[in-house]
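Structural features, examined
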Amino acid sequence: MRIANSRSRRFLYAGLITILVLATGWLLAARAQQPTITKQACADDNGGITLPAGFCATVFADNIGHARHLVVAPNGVVYVNTWSGRYYGNDTPPAGGFLVALHDTNGDGRADVTLRFGDSIQTGSAGGTGITLYRGALFAEVDDRIVRYALPATGIVPTEAPTVIVSGLPLTGDHPMHPFAIDARGALYVNSGSATNACQVQNRMPNSRGHQPCTELETRAGVWRYEAERTGQRFSPAERFVTGIRNAGGIAVDSTGIGIYATQHGRDQLAENWPALYKPEQGANLPAEELVRLERGADYGWPECYFDDTQQKLVLAPEYGGDGGKAVGVCAQKRGPVAVFPAHWAPNDLALYDASQFPERYRGGAFIAFHGSWNRAPFPQGGYNVVFQPLAGGQPTGKYEVFADGFAGAVKEPGRAAHRPAGLAVGPDGALYVADDAHGRVWRIIYTGNVAATRGAPAAAPSERAGAPAAAPAERVGPPEGTHPDAGADAAGLPTPRGATAAMVALGDRLYHANTCVGCHGSNAEGTPLGSDLTKGKWLWGDGSLAAISRTITQGVAQPKEHTGVMPPMGGAQLSPSDVSALAAYIAALNQRAERRTETGR
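Described in the following lines is the structure provided in the data block. (Residues numbered from 1 in each chain as written. Predicted model: local features only at pLDDT ≥ 70, side-chain atom pairs only at ≥ 80, totals over all residues. Heavy atoms only, no water.)

1. With respect to unusual backbone geometry
- Here the bond from Gln212 into Pro213 is cis, since omega is 0°, no more than 30 degrees from zero.
- Here Pro213 lies in the loop between strand S11 (187-192) and strand S12 (222-227).
- For the peptide bond that leads from Ala377 to Pro378, omega is 5°, which places it in the cis range.
- A positive phi angle is found at Arg135, which is not glycine, with a value near 50°.
- Tracing the backbone shows Arg135 in the loop between strand S6 (131-134) and strand S7 (137-142).
- Within the chain, His344 stands out as a residue other than glycine whose phi angle is a positive 65°.
- Position of His344 relative to the elements: it lies in the loop between strand S20 (339-341) and strand S21 (347-352). (Helix = DSSP H or I, 4+ residues; strand = E, 2+ residues; numbered from the N terminus.)

Below, the structure is given as structure tokens:
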């Protein structure tokens, strides 16, 4: 009897162990499908950014390349698309694929697993911007294609080659990126940004009229619609869904699953290209950036129209007969925005918040990542932040507010900003992720309700809030000297080039910092993605002589060799021949100083 009981107990114990092992396996498998449970941990300084009271942040990942858009899977894995190429000075990206998988396995708000996959620079790729998830698969932009990766049952990186969904997307011109979104029905909405600033006969050149008609609209400046589950589609004019959007930097689907919203980058260089119609202050503060709702067949106005937020209406662009903002013309029939934001802030991504981790007031609203301006020079640049636009039923319920700021650090300029917001995503737990394409940082923002958790003062909205009355422009040809904090800082320590005088160098310094030069070349003249470094003695359009530099300034650069910024004659500023000579002397002096420092080892 004891033997039987002992045998029975052994069978019972074996059965219990088997059940325990199976249960443990089922538990681990289920856990792999659940979002990572994260501790409410934050960095002491929120990773260098400021947030409203009760919010805090961690640096989720850093130095992963030029991080553009990102998406968070149901299990908490963050997938990021990174970009490279001319916009980033053709620098060398991190080794491996341009797609990055990030995972926080211990719940401290920081990724401890970083894996790269997909095409790389070694395979001839330049990466991309757009990325999303749909029905368990990862969709990503790579060069001129959108591809689909099957995600593995175990692990976080795809093990199979991707399938091409759409190919042949345009890659030329001013806006070669392709953000996209997929709605609940499987409709794939893809941005094809404009190739030009305003469809001018000579792009970004003074007084150049617009093409009539603007044939660019056949393949650019709109959103195209494809099917997410259909392979082998080719880009063509036939699939255009909406038109008249200069560049839809962010596209998002609302909580209904079928409402589609996008941001629009407003056009540049009103004052630089049309100085008889616009004063410099107007060029810095017009036109508004936009949030629009996409509806099939709608025309949002580009290139014939732009949105003037001081008048709260679309007005006729100067390339198409506009008179500086009074005439409306065909713009009366174009589709207006849902909400507007300050000029030139560059809205690069959009996330509609439908989670519950943040307070109720954020539900249904829009977070927008502003990459930061260059075209406000010589006035202070703006953007480089994340704003929140409250919405209800697709309509604004108040003005936008700056939600996260401080990304740029000490200097808000394209070439000197520490970080530039480029992507947004909401995690399954309601955390907000922000990606930076300057130095490859990703932040994770959560709400704790603990006011003490917020480091630094909340970022306030700047004075040029949407709808605020604009200051009356001063009656002058150019902006005042010294509007930039660095104005006049260099001249005292600069050498005097042969053929120039110290007074010319000093005048050139003041003119450089008081005009649009700083927008493309930076306040330190060391260059940005838009314009070349003017201090290193690399001459692309001459031999470095005063005469050659003056000629380049006077003629402008219509076809840049190494950068993305087209320079109109004299940078779009109103300069006399003596002003041009002074600017040339200043640039030559900067190079001579750099040469001397190299020789002396300083």
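After that view, the rundown keeps rolling.
2. Some remarks on the sheet that holds strand S2 (residues 66-72)
- On the basis of which strands lie adjacent, the open sheet formed by four strands has the order S2-S3-S4-S5 and antiparallel pairing. Taken across any chain shown, the strands that pair with only one partner, and hence form the sheet edges, are S2 and strand S5 (113-117). Geometrically, the sheet is characterised by an average inter-axis angle of 25° between neighbouring strands, direction not taken into account.
- As defined by bridge partners, strand S3 (residues 78-83) adjoins strand S4 (residues 99-103) across four bridges and the pair is classed as antiparallel. Bridging across to S4, Tyr79 finds its partner in Ala101. (Pairing = 2+ DSSP bridges. Axes fitted to C-alpha atoms, helices over the stretch in contact; angles between N-to-C directions.)

3. Structural notes on the state of the cysteines
- Tallied over the full model, the rule gives three disulfides.
- Linked covalently through their sulfurs, Cys42 and Cys56 form a disulfide whose S-S length is 1.8 Å. Judged by the torsion about the S-S bond (50°), the Cys42/Cys56 disulfide is right-handed. Of this pair, Cys42 sits in the loop between helix H1 (2-32) and strand S1 (55-61) while Cys56 sits in strand S1, and the two are 14 residues apart along the sequence.
- For Cys42, a relative accessible area of 22% translates into the label partly exposed.
- By relative accessible area, which is 1% here, Cys56 ends up buried.
- Between the sulfur atoms of Cys199 and its disulfide partner Cys214 the distance amounts to 2.1 Å. The sign of the 100° torsion about the S-S bond sets the Cys199-Cys214 disulfide as right-handed. Residue Cys199 is located in the loop between S11 and S12, and its partner Cys214 is located in the loop between S11 and S12; the two are separated by 15 residues in the primary sequence. (Disulfide = S-S within 2.5 Å. Buried < 20%, exposed > 50% of the residue type's maximum accessible area, 1.4 Å probe, protein only.)

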